Amino acid sequence: MTDVWDDTLLANPHTVSDKRRRVQAMFAAIAPSYDLNNRLHSLWMDQLWRCKAVKLANLKPTDHVVDVACGTGDLTLAFFNALSAGPAKNNPIPGQVIGIDFTYEMLPIAVGKWARTASSHNRRLDTIRFINGDAQSLPLPDACCDVVSIAFGIRNVADPAAALREFSRILRPGGRLIILEFSLPTNTILRTLYNFYFKQILPRTATLISGDKTGAYKYLPQSVNTFISRETMSKMLGDAGFGDVAQFAMTFGICVCYRGIKP
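Residues numbered from 1 in each chain as written. Predicted model: local features only at pLDDT ≥ 70, side-chain atom pairs only at ≥ 80, totals over all residues. Heavy atoms only, no water.

### A closer look at the overall build of the chain
Where we set the bar: Each helix is a run of H or I in the DSSP string that is no shorter than four residues. Each strand is a run of E no shorter than two, and both are numbered from the N terminus. When we talk radius of gyration, it's over C-alpha atoms, and the globule rule is simply 2.2 Å times the number of residues to the 0.38. Each residue is assigned to one of three classes by its accessible area relative to the maximum for its type, calculated with a 1.4 Å probe on protein chains only: buried under 20%, partly exposed between the two thresholds, exposed over 50%. Note on contacts: a residue pair is in contact if any heavy atoms of the two residues lie within 4.5 Å. Here the open area of atoms and residues is found with the Shrake-Rupley method and a 1.4 Å probe, where only the protein chains shown may cover a residue. Working convention for charge: Lys and Arg count positive, Asp and Glu count negative, and His plus the chain ends are omitted. Note on charges: their place is set at NZ of Lys, CZ of Arg, CG of Asp or CD of Glu.
For the chain, the helix and strand inventory stands at 9 helices and 7 strands. Against the compact-globule benchmark of 18 Å for 263 residues, the chain has a radius of gyration of 18 Å, which places it among compact chains. Relative to its full complement of 263 residues, the chain shows a buried share of 54%. Within the chain, counting contacts between residues at least 6 apart in sequence, those at least 24 apart form 72% of the total. Within the structure as shown, the chain displays about 11,900 Å² of accessible surface, and the carbon and sulfur contribution to it stands at 58%. Across the chain, 29 positive and 22 negative side-chain charges occur, with their mean positions spaced 5 Å apart.

Structure, rendered in structure tokens:
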């Protein structure tokens, strides 16, 4: 699919009526080059942000984790690695970590990545399950997990509030919600410099690398610049029933990790 996002739609991509379909088509197109572009254009910071998110989840050896909008599985595997490297050297059981993504084309890449990891570390392949599913209607029972995460995906959901309610539904009492998302530096000078890179350089180089024709890398900066504020996100977590909501800004505020606890 070409021209998924044009200049008119990008004025505010979050108000587009068929955003759900366009986001899915966009990620299907860029899946093969997704990891390479993430590493290059974040200067490898994306992996550090994910590691910080895992630490903020305060994992226990028996926790069950659901990683929503898992993409190619980086955060899903980071949770598995954390469970495997705990003080008790816990060996995660089958199905203890689940990755879910709305775009099917991402999942074979995630499965391949996990298969290589499992083989090299002598792990059972069914320790991590990857499922094709929608954040707004998760194919999981109530109160089935202790941690729900979503990295760089909440702004791509058509109805973020509905997704937050779903996250609350599948969490057990005391469960933690971890949201990793792009933001903008609060410092005016840094914000100006970052937006120049974000809007003028990244779209050109990322599009060149991926050969994308959907407008994905024009969508990226616009979806961040037009998304809800940090304060609104925190309020939305509270409205969904989460308590002890906290924000953790990283790398001058380019990335923010939100954490909420289900009472």
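### A closer look at unusual backbone geometry
The phi angle at Leu43 is positive, at roughly 55°, despite the residue not being glycine. Topologically, Leu43 is positioned in the loop between α2 (34-41) and α3 (45-56).

### As for the pattern of salt bridges
To keep it simple, the criterion reads: Here a salt bridge means any side-chain nitrogen of Lys or Arg lying within 4 Å of a carboxyl oxygen belonging to Asp or Glu.
A full pass over the atoms with the stated rule returns 15 salt bridges. With a shortest N-O distance of 2.5 Å, Asp74 and Arg39 are connected by a salt bridge. Of this pair, Asp74 sits in helix α4 (residues 74-84) while Arg39 sits in helix α2, and the two are 35 residues apart along the sequence. Like Arg39, Asp74 is buried. A salt bridge links Arg50 to Asp46, with the shortest nitrogen-to-oxygen separation between them at 2.8 Å.

### Topic: the nonpolar core
In plain terms, the rule: Nonpolar cores were defined as sets of buried Ala, Val, Leu, Ile, Met, Phe, Trp, Tyr and Cys residues, with membership established by side-chain atoms within 4.5 Å.
Judged by nonpolar contacts, the single largest core of 51 residues is most densely connected at Trp5, Phe130 and Leu180. In this structure, Trp5 is in contact with Leu10, Pro13, Val16, Lys19, Arg22, Val23, Met26, Thr214, Gly215 and Tyr219, ignoring residues within four places of it in sequence.

### Considering helix α6 (residues 160-170)
With 8 of 11 residues buried, α6 is to be regarded as a mostly interior element. Along α6, the positions that sit buried rather than exposed are Pro160, Ala162, Ala163, Leu164, Glu166, Phe167, Ser168 and Ile170. Considering only its buried residues, α6 is in contact with β1 (65-68), β4 (145-151), β5 (171-182) and α9 (230-239).

### Details of the packing of α3 against α4
Any two packed helices are characterised by how steeply their axes cross, that is the angle between the axes, and by the distance between the axes. The criterion, for reference: Fitted lines through C-alpha atoms serve as axes, helices being fitted only where they are in contact, and the angles separating the N-to-C directions of these axes extend from 0 to 180 degrees. Throughout this description, any angle smaller than 35 degrees is read as roughly parallel, any larger than 145 degrees as roughly antiparallel, any in the 65 to 115 degree range as roughly perpendicular, and the remainder as oblique. Rotating anticlockwise by less than a right angle from the far helix to the near helix defines a left-handed crossing, while the corresponding clockwise rotation defines a right-handed one. Gly is put with the polar residues, along with every residue not named as nonpolar or charged; the nonpolar set is Ala, Val, Leu, Ile, Met, Phe, Trp, Tyr, Cys and Pro, and the charged set is Asp, Glu, Lys and Arg.
At a minimum axis separation of 10 Å, α3 and α4 run at an interaxial angle of 50°. As far as their axial angle goes, α4 and α3 are oblique. Pair α3 / α4 crosses with right-handed handedness. Together, Gln47, Arg50 and Val54 of α3 and Asp74, Leu75, Ala78, Phe79 and Ala82 of α4 make up the contact between the two elements. Classifying every residue of the contact of α3 with α4 by side-chain character gives 5 nonpolar, 1 polar and 2 charged.

### Structural notes on the packing of helix α7 (residues 188-210) against helix α8 (residues 216-225)
Where α7 contacts α8, the two axes come as close as 7 Å, and the packing angle between them is 150°. Between α7 and α8, the interaxial angle falls into the category roughly antiparallel. Contact residues: α7 offers Asn195, Phe198, Lys199, Leu202, Pro203, Ala206, Thr207 and Ser210, while α8 offers Tyr217, Leu220, Pro221, Gln222, Val224 and Asn225. Grouping the amino acids of the contact of α7 with α8 by side-chain chemistry returns 8 nonpolar, 5 polar and 1 charged.

Any link to function would need more than the numbers given here.
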